[in-house]
Structure formats: C-alpha cells, structure tokens
Amino acid sequence: MNKRGKVYLVGAGPGDPGLITVKGLTCIKKAEVLVYDRLVNKRLLNFTPEACEKIYVGKKPDHHTLTQTEINCLLVEKALAGKKVVRLKGGDPFVFGRGGEEAEELQARGIPFEIVPGITSAVAVPAYAGIPVTYRDYASCFTVITGHEDPTKQESALDWEKLAGGGGTLIFLMGVGNLPEIIQKLLMQGRKPTTPAALISRGTGPEQQVVVGTLTDIVEKAQSAKISSPAVIVVGEVVTLREKLAWFEQKPLFGKRILVTRARAQASELSRCIEELGGEAWEFPLIEITEPLDFRPLDRAIDRLSDYDWLVFTSVNGVDAFFKRLRRQQKDIRALSGLKLCAVGPKTEKRLTEMWLQVDYVPEEYRAEAIAAGLQEKIQPGERVLLPQADLARSILADELQKMGAKVERVTAYSTVCTDNKADLLREMLAAGKIHYLTFTSSSTVRNFVQKIGTSQIKTLLQGVKVVSIGPVTSSTARSLGLTVDLEAKEFTIEGIIAALIADQS
Ligand code: SAH
C-alpha cells in the first residue's frame, strides 16, 4: 500500500518543555520522522515513539547548517516516502521561523500539511521575566521585530522612524549581535534615552538571565553581564513592571542543576518536582529495573500464597514486579485473600491502595530496623512472611523479623542492574561546576555512581557539589565510599529530598 505522508509544522514553545501545546505534543508522540532545530528543548524528543527517526537540522558544532532548501527537500523526501513528519521549531513556526517558506514548498509539491502554532518567545520570554508586553497605562500595542537585519544597511525593510516614534512595546528577536546598533538607531530616531529596556537570555529555562536598564545604559549592562544569544530585547515602559512581577527566578530551586540518579522508571517523579520548583533536573539513571534471572522462587511463592500470613513490600518496584508476575500466572488480587499487607513507605502503600487493596501496616519510619520493631507488635511468633524484594536488597529486614520468631521467605521479584551511560559527560559537567546537587535515593545508586565516576577523581570532581541523601542508610553508604553528605532527607521519600533541597536555599 502506498501510504501518504504528511508534514506537521509544530511550534515547540520557547524552551520550557511544558510550554508546548497539547496538539503539538500529540503530534510528537505520533511522529515517524522528527526534524528539529537548535532552539527546541531536547527533552521534547523523549516523547517520540521508539522507532521515530530524529533529524537535527540546527547549527552543528562545526557551524555547518543545512540550508533552507536542504531542509525543504528533506521534508518533501520524507513525506513522499509516506512518513508522518513533524517539523519541530522553537517558539512559533511562523514567527521568524521560516515556517511560511516550508509550508509553501509543501503546498507546491502537493504534500498535505498542518500548522500547529506554538508559544512564541516574543511574548513568553518577557512573561517569564515578569514583563507583560502590553499594559493599560504603558503600552497598547507591541511590535515584534527582527534584530538580525544589519541596521546600518541603506535599504532597511524596517521603518525605524515609526518604530522609535510609536508608543508601544518593541520586541527584538535575534538582536544580541546588533544590540548597540539597534539602540543607537532608536535613539537617533527620537526614542527617549530614559526609555526602559531589558535583555532576557535563555528565557523560560533554568539559565534565564535578565538585564534591565534604559536605552542609555542597556548596551553597557548587557556587555558586562555577558548576555549571549538567544535573547529577547524588550524596549518600553512595561519593562518597569518586572520590579513587581518577576516570578520565575523567585522559585525556590531556580538556577539549580540537580543530578537525579534513580532508576529510569522512577527518575521522572523527582525530576518533575525539581522542575516545578524552577530547578533543572539532570537525569542520570544509574540503575535499571529488570526481571530477575530466575523467576522460579517468586512463582513458587505465588502458587501457594495461602501458606503465608503476611506479604511485605519494601518498594514500589517490588509491588509492580509481584503483581505483574501474579497476572502472568492468570491470577489477580483474589489470590491475596487472607493475607495481611505491609508496605514500607507511603509510595509503596499508595501503589497498593491504587489497586483497591487495604494495607494493614505502614511503619512510621522507613528503615528495615524500624519496620521490624514496629511489626513486632503485629506479627505473632511462627507467622509466615513473604518478602518480594530486589536481588541485591539487604537481608536486615528478614533477619530482624526472623529474630522475632517469624518465618520469613525472601524471594527476588526484580533485579537492579547498573546501566551503561555517559559517565564521561557527567565528569565533564561536574568538572565545569555545572551541577549543584547530587541526589541519592538508595545505597545502590551511591555505589553505582562512585563506580562510574571512579574513586580517584571523585574528591576533586565533587568540590562545590552538595550531596543529598534520602536517609541514614544511604548516607552511611555514601560516607563509607568517601563522600561527604551535605543534606539528608528527614522523611525518607522523594518529598523528603525535595524538602531538604528547599531548606538549603534559605
Ligand atoms: N520562532 C521563534 C523565533 C525564532 S528566531 C519564536 O517564535 O520564538 C530565534 C530568536 O528567538 C532568538 O534569536 C531569540 O531572539 C529568540 N528566542 C527564542 N527562544 C528564546 C529563549 N528561550 N530566550 C530568549 N530568546 C529566545
């Protein structure tokens, strides 16, 4: 069958990945080919289907760029091959994005296309700096202008006199390189030297930097702050509102880059919390959850669940792995009838209650020693306890329960394996001082981290980096491996880590 291709010209928004539209994200999730630019947040690429071909057409490190004609050809070629092509562009595809040219080419070649507008940096970047582009008392219109045009050229496409003379807000994109000339031109054409102006670089992201001044001093201020591209230049009275309305930089973790070392499946929750608080989560999964080498012990336990009195889960992964296997055996929660349930920690409890299961015991403290002490009142000597765990889980909980006279059976429900990822990149980031915090959510993440980084350099690399641990067990592993633990969560959960990070900002 000759499948017909189609091209979606999609705006990715100005940087913050949350600023893509619902429709834009839906397109990415279905893309067979994704063609993207430099200003697109790379995290959006994670939403593509596994088989999607991702093609970068922005500037390469060697400065080679695909020409517009080459990009047009690429879109046409992929669409003619029957592919669903997403052409992802920073901001809005039709605001200085050459989206018009690409659509024209598709139209000329008879290729079906759709435009999915995006949130343009022209409006969103000032908004993240607390600058509304219009405001009743100050500006009733705004103009978005290319700052890329050489302002000294004779035949300007821009009417500088009108731009300078009009009362509205002026917003220049692509203007950092020409900043002195742009300001000069506005002054020459009569804009008041006291007019407020702002430069916002890398807006809507953790590296957002804002410089505020007037037409008289903004060039100098931008130079001394070393403002670099991409940046938006805003000229007009509305800039003064930033004093009251700046909000983004005030988020508790703004500007902080935090390494998240959980297993991939779980990394996202911690990352999401960090980002909600304005920080940048840098995911570096050190362990991956996989199936155990041998399912037989777990299968046998599932076969005779009625032999046990207690089923004790020590992690969300344990719950997931156990029920997945139960299902494999064509059983469901009815097989748990008569069993008492214990969940170590609120997340594990939540996972069980999501399945409409009533959890009989959740210890107040989430360490093996504390759980055993708490369970002492609940478990009668001689009761049988099933403990589905990770292959490398410590035996301390089982040991403690056994001491109390319980009959404990540990079965491996899942394995944690070291993932092979880019340790070099991480070392580079650490050496460049680009990481502010390391978070460790278990002893195994610490061990894997140290193994990956190598013990020889670790002291030097971690200078100025704060280590955050989820609790005393993880902390003591970290210390035994030569790390200094700067922060420890009071509650041994992701929220506990977040609380420790926030507390460290004051
Ligand atoms: N289509 C895009 C603009 C492309 S032109 C849009 O609608 O946003 C590229 C220019 O956009 C950059 O030179 C810069 O001026 C601006 N820009 C894009 N993203 C930005 C960001 N995160 N912070 C500051 N300026 C940004």
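We now turn to the structure provided with this report.

Procedures and definitions
Residues numbered from 1 in each chain as written. Predicted model: local features only at pLDDT ≥ 70, side-chain atom pairs only at ≥ 80, totals over all residues. Heavy atoms only, no water. Near = heavy atom within 4 Å. Polar contact = N/O pair within 3.5 Å; in protein donor to acceptor, adjacent residues only side chain to side chain. Areas by Shrake-Rupley, 256 points an atom, 1.4 Å probe, with all protein chains shown as cover. Helix = DSSP H or I, 4+ residues; strand = E, 2+ residues; numbered from the N terminus. Domains from an automatic or database assignment. Pairing = 2+ DSSP bridges. Axes fitted to C-alpha atoms, helices over the stretch in contact; angles between N-to-C directions. Contact = heavy atoms within 4.5 Å. Phe/Tyr/Trp six-rings, centres within 6.5 Å; stacked < 30°, edge-to-face > 60°. Buried < 20%, exposed > 50% of the residue type's maximum accessible area, 1.4 Å probe, protein only. Lys NZ or Arg CZ within 6 Å of the ring centre and 35° of its normal. Disulfide = S-S within 2.5 Å. Parallel < 35°, antiparallel > 145°, perpendicular 65-115°, else oblique.

Here we take up the site of the ligand. The ligand sits among 18 residues. The nearest are V95, T120, S121, M174 and A231. Side-chain polar atom of T120 to an oxygen atom of the ligand: 2.7 Å apart, as the coordinates give it. Between the ligand and A231, the relevant distance is 2.7 Å, taken from an oxygen atom to a main-chain nitrogen or oxygen of the residue. Burial of the ligand by the surrounding chains reaches 91%, relative to a free accessible area of 540 Å². Every element with two or more residues in the shell around the ligand is listed here: α4 (121–128) and β10 (231–235). Both domains that meet at the shell around the ligand, namely domain 1 (6–119) and domain 2 (123–250), each give it at least three residues.

Taken in spatial order, the 5 strands of this open sheet run β12-β11-β18-β19-β20, and their pairing is parallel. Two strands bound the open sheet, and with one partner strand each, they are β12 (280–283) and β20 (487–488). By the bridge criterion, 4 bridges tie strand β11 (residues 257–260) to β12 in an arrangement that is parallel. The residue bridging I258 from the neighbouring strand is A281, located in β12.

A word on the sheet that holds strand β7 (residues 169–173). As summarised here, the arrangement of the 5 strands in space is β6-β7-β10-β8-β9, forming an open sheet in which the pairing is mixed. The sheet terminates laterally at β6 (142–146) and β9 (209–214), the two strands that pair on one side only. In this sheet, adjacent strand axes meet at a mean angle of 20° when their direction is disregarded. α4 rests against β6, β7, β8 (196–201) and β10 of the sheet, and its axis sits at about 80° to β10.

Here we take up the packing of aromatic side chains. Taken as a whole and judged by the stated rule, the model has 11 aromatic pairs. Between Y135 and Y138, the aromatic rings sit 5.2 Å apart at their centres with planes inclined by 25°, giving stacked as the arrangement. Assessed through its relative accessible area of 35%, Y138 is described here as partly exposed. An aromatic cluster of at least three residues, connected via ring pairs, comprises Y128, W247, F248 and F254. Over the ring of F295 we find R325; its NZ or CZ atom is 3.6 Å from the centre of that ring.

Turning our attention to the state of the cysteines. Applying the stated rule across the entire model yields 0 disulfides. Cysteine C27 remains unbridged, with the sulfur of C52 as its closest cysteine sulfur at 12 Å. The class for C27 is buried, based on a relative accessible area of 8%.

Right, let's talk about unusual backbone geometry for a bit. What you tend to see is this: most non-glycine residues have negative phi, and most peptide bonds are trans. The step from S229 to P230 runs through a cis peptide bond, and the omega angle for that step is 0°. In this structure, P230 sits in the loop between α7 (218–224) and β10. Look at W356: it is not a glycine, yet its phi comes out positive at around 65°. Looking at the element boundaries, W356 is found in the loop between α12 (346–354) and α13 (368–375).

On to the pairing of strand β1 (residues 6–11), then. Where burial is concerned, most of β1 is hidden: 5 out of the 6 residues are buried. Alignment of β1 against strand β4 (residues 84–89), held across 6 bridges, turns out to be parallel. By the bridge assignment for β4, K6 is matched with K84.

Structurally, N72 can be placed in helix α2 (residues 68–80). In contact with N72, not counting residues within four places along its chain, are E101, E102 and E105.

Once that is clear, we can look at the packing of helix α15 (residues 423–431) against helix α16 (residues 443–453). Close contact between α15 and α16 brings their axes to 9 Å; oriented N to C, the two are set at 85°. Judged on the interaxial angle alone, α16 and α15 are roughly perpendicular. Contact residues: A423, L426, R427 and L430 in α15; F449, K452 and I453 in α16.

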